[in-house]
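The chain contents come next:
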Amino acid sequence: MLQHGPKRPLYVPLQNILTKSQHQNPIIKTQSLSQEGTKTPQNPPNRFCSEKKYGHICDLLLSQTRSRSLLKGQQIHAHIIKSGLQVIPLVCHYLINFYSKTQLPLYSRQVFEESERKSSTTWSSVISSFAQNEEPVLAIQYFCRMIGENLCPDDHIFPSATKACAILGRCDVGKSVHCLVIKTGYDVDVFVGSSLVDMYAKCGDIKEARNVFDEMPQRNVVSWSGMIYGYTQLGEHEEAMRLFKEALLEGLDVNDFTLSSVIRVCGSATLLELGKQIHGLCFKTSYDLSGFVGSSLISLYSKCGLIEGAYGVFDEVPIKNLGMWNAMLIACAQHAHTKEAFDLFKKMENAGMRPNFITFLCVLYACSHAGLVEEGKKYFALMKKYEIEPGTQHYASMVDLLGRAGKLQEALSVIKGMPTEPTESVWGAFITGCRIHGNTDLAAFAADKVFELGAVSSGLHVMLSNAYAAAGRYEDAAKARKMLRDRGVKKETGLSWIEEGNRVHKFAAGDRFHVRMKEIYQKLEDLGEEMERAGYVADTSFVLREVGSEEKNQTIRYHSERLAIAFGLISIPLGRPIRIMKNLRVCGDCHNAIKFISKLSGRVIIVRDNNRFHRFEDGKCSCADYW
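Residue numbers restart at each chain and count upward from 1, following the sequence in its written direction. Thresholds applied to this predicted model are a pLDDT of at least 70 for local features of residues and 80 or more for the giving and counting of side-chain atom pairs; totals over whole chains, interfaces and linings are not thresholded and use all residues. To obtain the side-chain values, all non-hydrogen atoms of the structure were included, while hydrogens and water were left out.

1. Focus on the overall build of the protein
Thought 1: Helix and strand definitions follow DSSP, with helices as H or I runs of at least four residues and strands as E runs of at least two, each counted in order from the N terminus. In terms of helices and strands, the protein carries 32 helices and six strands.
Thought 2: Considering only intrachain contacts with a sequence separation of at least 6, the fraction spanning at least 24 residues in the protein is 66%.
Thought 3: Residue burial considers only the protein chains on display, and all accessible areas are found by Shrake-Rupley using a 1.4 Å probe. In the form shown here, the protein has an accessible surface area of approximately 30500 Å², with 51% of it arising from carbon and sulfur atoms. Note on contacts: a residue pair is in contact if any heavy atoms of the two residues lie within 4.5 Å.

2. Some details on the sheet that holds strand β4 (residues 605-608)
Thought 1: Any two strands with at least two DSSP-identified bridges between them are counted as paired. Strands sit in the order β2-β1-β3-β4-β5-β6 across an open sheet of six strands; the sheet is mixed. The sheet is open, and its two edges are formed by β2 (503-508) and β6 (620-621), each paired on a single side.

3. Things to note about the confidence of the model for the protein
Thought 1: Chain-level pLDDT for the protein is 84 on average; 87% of the residues reach the 70-or-more range.
Thought 2: On a scale of 0 to 100, pLDDT captures the predictor's confidence in every residue. Here helix α2 (residues 20-23) stands out as the least confident element of the protein, with mean pLDDT 38; helix α22 (residues 373-382) is the most confident, with 96.
Thought 3: This model gives residues 1-43 a pLDDT under 50, and the stretch forms 70 contacts once residues within four places in sequence are excluded.
Thought 4: Low pLDDT, under 50, characterises residues 45-49; the stretch is placed with four contacts to residues that sit more than four places away or in other chains.

4. Some details on the pattern of salt bridges
Thought 1: Every case where a carboxyl oxygen of Asp or Glu lies within 4 Å of a side-chain nitrogen of Lys or Arg is listed as a salt bridge. Inspection of every chain in the model, using the stated rule, returns 21 salt bridges.
Thought 2: A salt bridge links R145 to E113; the nearest nitrogen and oxygen atoms lie 2.8 Å apart. Taken together, the residues R145 in helix α8 (residues 136-148) and E113 in helix α6 (residues 105-114) connect sequence positions 32 residues apart.
Thought 3: Overall, R145 belongs to the partly exposed group, its relative accessible area being 32%.
Thought 4: What makes E113 partly exposed here is its relative accessible area of 37%. Note on classification: 1.4 Å probe, protein chains only; a residue is buried when its accessible area is under 20% of the maximum for its type, exposed when over 50%, partly exposed between these limits.

5. Things to note about the nonpolar core
Most often, soluble globular proteins keep nonpolar side chains buried together rather than apart.
Thought 1: Counting 137 residues, the largest nonpolar core has I278, I298, M328 and F430 as the members making the most contacts within it.
Thought 2: The element that contributes the greatest number of residues to this core is helix α19 (residues 322-334), accounting for eight residues.
Thought 3: Not counting the four nearest positions on each side in its chain, I278 is found in contact with M241, F244, L259, V262, I263 and C266.
Thought 4: Take the buried residues of types Ala, Val, Leu, Ile, Met, Phe, Trp, Tyr and Cys, join any two whose side-chain atoms come within 4.5 Å, and each joined set is a nonpolar core. Counting residues in hydrophobic clusters, the runner-up holds 32 residues, among them Y558, L569, F596 and C621.

6. Topic: the side chain of H279
Thought 1: With respect to the element layout, H279 can be found in helix α16 (residues 272-284).
Thought 2: Classification of H279 as buried rests on a relative accessible area of 17%.
Thought 3: Residues within four places of H279 in sequence aside, it is in contact with L297, Y301 and V313.

7. Here we look at helix α7 (residues 120-132)
Thought 1: Take the number of residues in a helix, subtract one, and multiply by 1.5 Å to get its expected span. The terminal C-alpha atoms of α7, which comprises 13 residues, lie 18 Å apart, in line with the 18 Å expected from a rise of 1.5 Å per residue.
Thought 2: Restricting attention to buried positions, one finds in α7 the residues T122, W123, S124, S125, V126, I127, S129, F130 and A131.
Thought 3: Where α7 is buried, its residues touch α5 (89-101), α6, α8 and α9 (157-168).
Thought 4: Downstream of α7 by one or two residues, E134 has phi in the positive range, about 55°.

8. Quick look at the packing of helix α23 (residues 392-404) against helix α25 (residues 424-436)
Thought 1: Axes, fitted as lines to C-alpha atoms, cover a helix only where it is in contact. Angles between the N-to-C directions of the axes lie from 0 to 180 degrees. Contact geometry for α23 and α25: axes closest at 8 Å, N-to-C directions at 5°. One element, α23, and the other, α25, form an angle in the roughly parallel class. Across from T392, A396, V399, D400, G403 and R404 in α23, the residues of α25 making contact are S425, V426, A429, F430, T432, G433 and I436.
Thought 2: Throughout this entry, Asp, Glu, Lys and Arg are counted as charged residues, while Ala, Val, Leu, Ile, Met, Phe, Trp, Tyr, Cys and Pro are counted as nonpolar. The remaining residues, Gly among them, count as polar. When grouped by side-chain class, the residues that make up the contact of α23 with α25 number six nonpolar, five polar and two charged. Roughly parallel means an angle under 35 degrees; roughly antiparallel means over 145; roughly perpendicular covers 65 to 115; every other angle is labelled oblique.

9. Quick word on the UniProt feature "repeat: PPR" (unreviewed entry) in the protein
Thought 1: Within the UniProt annotation, "repeat: PPR" (unreviewed entry) is assigned to residues 119-153, 189-223, 321-355 and 356-390.
Thought 2: The span residues 321-355 is 74% helical and 0% strand by assignment, and the distance between its end C-alpha atoms comes to 11 Å.
Thought 3: The span residues 356-390 is 63% helical and 0% strand by assignment, and the distance between its end C-alpha atoms comes to 11 Å. UniProt positions are given in the numbering used here, feature names are shortened, and annotations may be inferred rather than shown by experiment.

Here you go:
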């Protein structure tokens, strides 16, 4: 009798949820692995001889599995067929596992289907093969088949099923699996419970993940890592860090997945000093050589403005996965290291690493923010060589590239030639180009197309309003903002922040609440006088409101990034760069002013806005005024 009754409502059966019409994979026919004309013996071989023989065969298969030697493994498979050993379930299990580890899940499927006797281990092997090789639909389908044959899943099969649900993002299917876990009493198993936590976290249901996590009688590194990852994905950085500290206090041996998630928290929140401490922990545990940790560390140093640190991590990891190459590519693109990005792409190809759709997004981004139109077209066309179909993000990058370069009509042609309907991001990229080049007519045309999509983000409303205001059409700008208010959407407040010691100091435009605000404003006054003597003239066209010239001068002087820089100048020791983070695009006048400040103060000032990094040094910016 089961001791663990359902603790949550029953869910719809799996077969009813995962309909063939939604998730049916195309049928892939594979040639039979057995030689034509080879017949399976009707009677199994002599027991004594076969036990000795198939034990040796299993050892050989395991050896080829570990070495990922496909050719030798297939030779052993041919010998198994000729010897009639494929009727033994354990041999089938090793064969399925071999093809799983060599990333041939459909061969695993064929071995399974040709097996005369299917044990629980055989079912477990084939379902795991599908889940581990990005065939989640097949994993769930075979899981359903197994249940249909009145076989009970175990602590090996349930984690494979939940992994498949996580890949699909199907929390509803996962809940049905969870219900069966409770019915069969496996909810107390640490491995099954951890897989459920991981599944809910990856599906974005952090509340259910936490419920399972809190109810677990025992936890392991997978359950802790799943929760930390879930909070990281949702941007709940404080809770993610709190859990990490709690795990360390409980003496948990963290793995590369745990450390990778925590480092991503530090990168997103730009907590450089804490990130360095965790990097030290990675070094002590040798996880700094992991590809997963390496990509997170590259992202950390890049997001904190230290591109040199990102290069250092990239060079130190001996075996680089695709995530590391992509992380380094986007770091180069954001820091205006365009030539290095192109060189990196060539090295990647020479190393035999196949680029994916993210790789091409990175290089297109690099082209866009350097104004390299022809190079961008070349990489966009190169996607066909790798059989990658351009997605809406790639089209948005091309539109952004052409729009920033002033080729608005060509950008519009790209939009009209898209195989699918343009999305908000595509039209947003086009409106950005219109705003930069003052073409309000095309911006208004694009806005009409955007509003046909239905509800859109506040950023697009603000973008259109700013385009009108920049052209002096304040009445139209007011209408765009009124439309935003009428829809109950609030404009994102512009903020800048700086890390000093173990604290992060945030500033809004005109902010007067900081404890050192008197010193900050005095520093800005002193800087203003020096800048004017050096030739700085405020460009008040970036004040997108219809007010007097004196008020415009006052407004632009106290933008959030200037307050943060002034605080940095009075608190960060000489010789260290001042790193400012900003959630919105830096305005043109502030960009010009910071060049003067870097020249007059002799300081390196690094500003990260929502687009890219700007490194100001000796009166110049790394973006070459093209951003």
